[in-house]
Amino acid sequence: MKKVLIIKKIHQSGIDLLKKRDDYNFEIVENLEIKNLKEKLSDCDAISLRTFNFNQDLIESSKKLKIISRHGVGYDNVDTNCIKKKGITLAITANANADSVSEHVFFMMLSISRGFNSYDQTVRSGNFLNRSNLPLSKELWNKKILIMGFGRIGKNLIKKCKGFDMEVYVYDPYVKEEIIKNFGGTKINDFYECIKLMDYVSVHMPLGNETKNLINMKVFNLMKKTSIIVNTSRGGIINEIDLNNALNENIIFGAGLDVFDKEPPDTSNPLLNNKKVFLSPHSATYTEECVERMGKETIQNIIDFFDGKLNKSMVVKL
Ligand SMILES: NC(=O)c1ccc[n+]([C@@H]2O[C@H](COP(=O)([O-])OP(=O)(O)OC[C@H]3O[C@@H](n4cnc5c(N)ncnc54)[C@H](O)[C@@H]3O)[C@@H](O)[C@H]2O)c1
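Rules of the game
- Once a new chain begins, its residue numbering starts again from 1 and follows that chain's sequence as written.
- The model is predicted, so local features are restricted to residues of pLDDT at least 70 and side-chain atom pairs to those at 80 or more, both for listing and for counting; the totals for chains, interfaces and linings are taken over all residues.
- We call two strands paired when DSSP finds no fewer than two bridges between them.
- Secondary structure is summarised from DSSP: a helix means a run of H or I of at least four residues, a strand means a run of E of at least two, and numbering begins at the N terminus for each.
- Here an axis means a line fitted to C-alpha atoms, over the contact stretch when the element is a helix, while the angle between two N-to-C directions is reported on a 0 to 180 degree scale.
- Here, nearness means that the C-beta atom of a residue, built from backbone geometry, sits within 6 Å of the molecule or strand in question.
- Think of it as three bins: nonpolar holds Ala, Val, Leu, Ile, Met, Phe, Trp, Tyr, Cys and Pro, charged holds Asp, Glu, Lys and Arg, and polar takes everything else, Gly as well.
- Boundary definitions for the domains trace back to an automatic or database domain assignment.
- Burial is judged by counting the other C-beta atoms within 10 Å of a residue's own C-beta: 20 or more makes it buried, 12 or fewer makes it exposed, and any count in between marks it as partly exposed, with every C-beta position built from the backbone.
- Working rule for angles: under 35 degrees goes down as roughly parallel, over 145 as roughly antiparallel, 65 to 115 as roughly perpendicular, anything else as oblique.
- The handedness criterion is simple: a crossing whose near helix is rotated anticlockwise from the far helix by less than a right angle is left-handed, and one whose near helix is rotated clockwise is right-handed.
- Residues are scored as being in contact if the C-beta atoms we place from backbone atoms lie within 7 Å.
- This arc is built from the directions going out from the helix axis to the C-beta atoms.
- When the strands point away from the viewer, a crossover counts as right-handed if the route from the first strand across the helix to the second turns clockwise.
- To form a nonpolar core, buried Ala, Val, Leu, Ile, Met, Phe, Trp, Tyr and Cys residues must be joined through C-beta atoms within 7 Å.

Novice: An account of the sheet that holds strand E4 (residues 67-70) is needed here, citing residue identities and associated values.
Specialist: One open sheet holds the five strands; their spatial order is E2-E1-E3-E4-E5, and the pairing between them is parallel. Bordering the open sheet on either side are strand E2 (24-29) and strand E5 (89-91), each of which pairs with just one other strand. Neighbour-to-neighbour, the strand axes of this sheet turn through a mean angle of 20 degrees, independent of strand direction. Looking at chain direction, E4 and E5 are connected through three bridges and run parallel. Counted as the bridge partner of Ile68 is Leu90 from E5.

This is the structure in structure tokens:
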């Protein structure tokens, strides 16, 4: 009998997959106090993990643990060095997220470009007939976009961009030109030259030494005054102080952020009071459909792992 610890509730359809199997039992844990978690972890074979920080201390307490199944694709909340040493497998929901995140990018780009806030406010405040005094909004149609990071989400996003007849440029040093071309994009090597021409920039690479603060005032100063940048990847890639200044000084037009350097952001974070940035609380995957897909895939990955048929696209190379 395998024991699965579900650290914070997931969609019922995932839990139902476990219920169908008589060789598994499971427990859902909502009390995340370390003492409680350690007790529960001591005899479990697998965990389903959302965003809770699974550090060395917890890994050491998980004596029988064989697989961590992330409910999502990012895994910066897992001590990968430690699980590598212990031979623990790390799985992600590789097929579940991309559609929802790339829609969220469009939700942000369209909301900012089409002046969502001012239109909505105009109607509610009884100023309907003054609409011609509002600044004109902008179309996405035929505009240039730079997709930074051409993995699962970047590849999904380009299809939607093509639907808007956008001209798509891709910055990803690790993806071959031919692959990008096959998706209808143009690979760029000189990020600093390309960014000067872009109307939109969407960030989809992981946070790491190479990408931390990559988008800073130097980059904003190169961008068009009319440009819009969206980050649904990880906070820290865009320098938040520089972004706030770039927006206030009209160096760029607008920004959409789903992710923050510190989550939740401090109430003193100036971006929270900046009307030129469209914010969401790390919720690009919070759709009914995506949460269901993630719940199922998280559990299916555990079952497939023990059945010896976990697809390698779901496994993080450590
Ligand atoms: N907002 C959310 O709720 C949410 C949901 C899912 C994923 N994410 C985040 O989105 C990001 C992308 O997810 P994914 O599933 O597409 O990942 P992925 O691993 O499939 O793709 C990442 C891509 O980034 C590229 N890359 C790595 N370093 C780079 C660099 N220095 N410059 C340019 N490109 C670089 C890689 O070559 C790869 O193609 C991840 O950081 C993930 O954590 C956020």
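Back to the write-up after that little detour.
Novice: I'd love a proper account of the site of the ligand, names of residues and values included.
Specialist: Gly74, Gly149, Gly151, Ile153 and Tyr174 are the nearest of the 30 residues found near the ligand. Per element, the largest residue contribution to the shell around the ligand is three residues, and it comes from helix H7 (residues 152-163). Counted by class, the shell around the ligand contains 13 nonpolar, 12 polar and five charged residues. Taken together, domain 1 (2-96 + 288-314) and domain 2 (98-279) each give at least three residues to the shell around the ligand, which thus spans both.

Novice: So what's going on with the pairing of strand E9 (residues 200-203)? Residues and values would help.
Specialist: Of the two faces of E9, both are covered, the one formed by Tyr200 and Ser202 as well as the one formed by Val201 and Val203. Pairing between strand E6 (residues 144-148) and E9: four bridges, direction parallel. Bridging across to E9, Ile147 finds its partner in Ser202. In terms of strand pairing, E9 meets strand E10 (residues 228-231) through four bridges, oriented parallel. The residue bridging Val203 from the neighbouring strand is Asn231, located in E10.

Novice: Account for the packing of helix H5 (residues 98-113) against H7, with residues named and values stated.
Specialist: Running from N to C, H5 and H7 cross one another at 55 degrees; their axes reach a closest spacing of 9 Å. Taken together, H5 and H7 sit at an angle that is classed as oblique. When the axes of H5 and H7 are compared, the crossing they make is right-handed. The residues of H7 that touch H5, namely those facing Ala98, Asp99, Val101, Ser102, Val105 and Phe106, are Arg152, Ile153, Asn156, Leu157 and Lys160. Residue classes in the contact of H5 with H7 are distributed as six nonpolar, two polar and three charged.

Novice: Kindly report on the domain arrangement of the protein chain, identifying the contributing residues and their values.
Specialist: Taken domain by domain, the protein chain comprises domain 1 (2-96 + 288-314) and domain 2 (98-279). Computed over C-alpha atoms only, the centres of domain 1 and domain 2 are separated by 32 Å. On the side of domain 2, four residues touch domain 1, which itself brings six residues to the contact. Its residues assigned to classes, the side of domain 1 that touches domain 2 comprises three nonpolar, one polar and two charged.

Novice: Describe helix H11 (residues 240-248), with residues and values.
Specialist: Along an α-helix, residues three or four apart share an orientation, since each turn contains 3.6 residues. Taken residue by residue, H11 has Glu240, Leu243, Ala246 and Leu247 as its buried positions. Seen end-on, H11 carries its buried residues on one side only, within an arc spanning 120 degrees. With its phi angle positive at about 55 degrees, Asn250 sits one or two positions after the end of H11.

Novice: Explain the pairing of strand E11 (residues 254-257) to me, using residue names and the numbers behind them.
Specialist: Of the two faces of E11, the one carrying Gly254 and Gly256 and the one carrying Ala255 and Leu257 are both buried. Note: E10 against E11, four bridges, orientation parallel. Opposite Ile228, over in E11, you have Gly254 as the bridge partner. Since E10 and E11 lie parallel, the crossover through H11 that links them has a hand, and here it is right-handed. Where E11 lies against strand E12 (residues 277-279), three bridges are found, and the strand directions are parallel. By the bridge assignment for E12, Gly256 is matched with Phe278.

Novice: Which residues make up the nonpolar core, and what values go with them?
Specialist: In this structure, Leu146 and Ile147 are the most contacted members of the largest nonpolar core, which totals 47 residues. Ranked by residues supplied to this core, first place goes to H5 with six residues. Once residues lying within four places of it in the same chain are set aside, the contact partners of Ile147 are Gly154, Leu157, Ile158, Val168, Val170, Ser202 and His204. By size, the runner-up hydrophobic cluster in this structure holds 29 residues, among which are Ile7, Leu41, Leu58 and Ile303.

Novice: Summarise the sheet that holds E9; cite the residues concerned and give the values.
Specialist: The parallel open sheet is built from seven strands, whose spatial order is E8-E7-E6-E9-E10-E11-E12. Since the sheet does not close on itself, it has two edges, and those belong to strand E8 (186-187) and E12, each with one partner. Pairing of E6 with strand E7 (residues 167-171) involves five bridges; the strand directions are parallel. The residue bridging Ile147 from the neighbouring strand is Val170, located in E7. Contacts from H5 reach E9, E10, E11 and E12 within the one sheet, and its direction differs from that of E10 by about 150 degrees.

Novice: Tell me about the environment of Cys161, residues and numbers included.
Specialist: Topologically, Cys161 is positioned in helix H7. Residue class for Cys161 comes out buried when judged on the 25 C-beta atoms lying within 10 Å of it. Through-space distance from the C-alpha of Cys161 to that of Ile67 is 37 Å; in sequence the pair is 94 residues apart. Non-local contacts of Cys161, meaning those with residues more than four positions away in its chain, are made with Ile145, Met166 and Val168.

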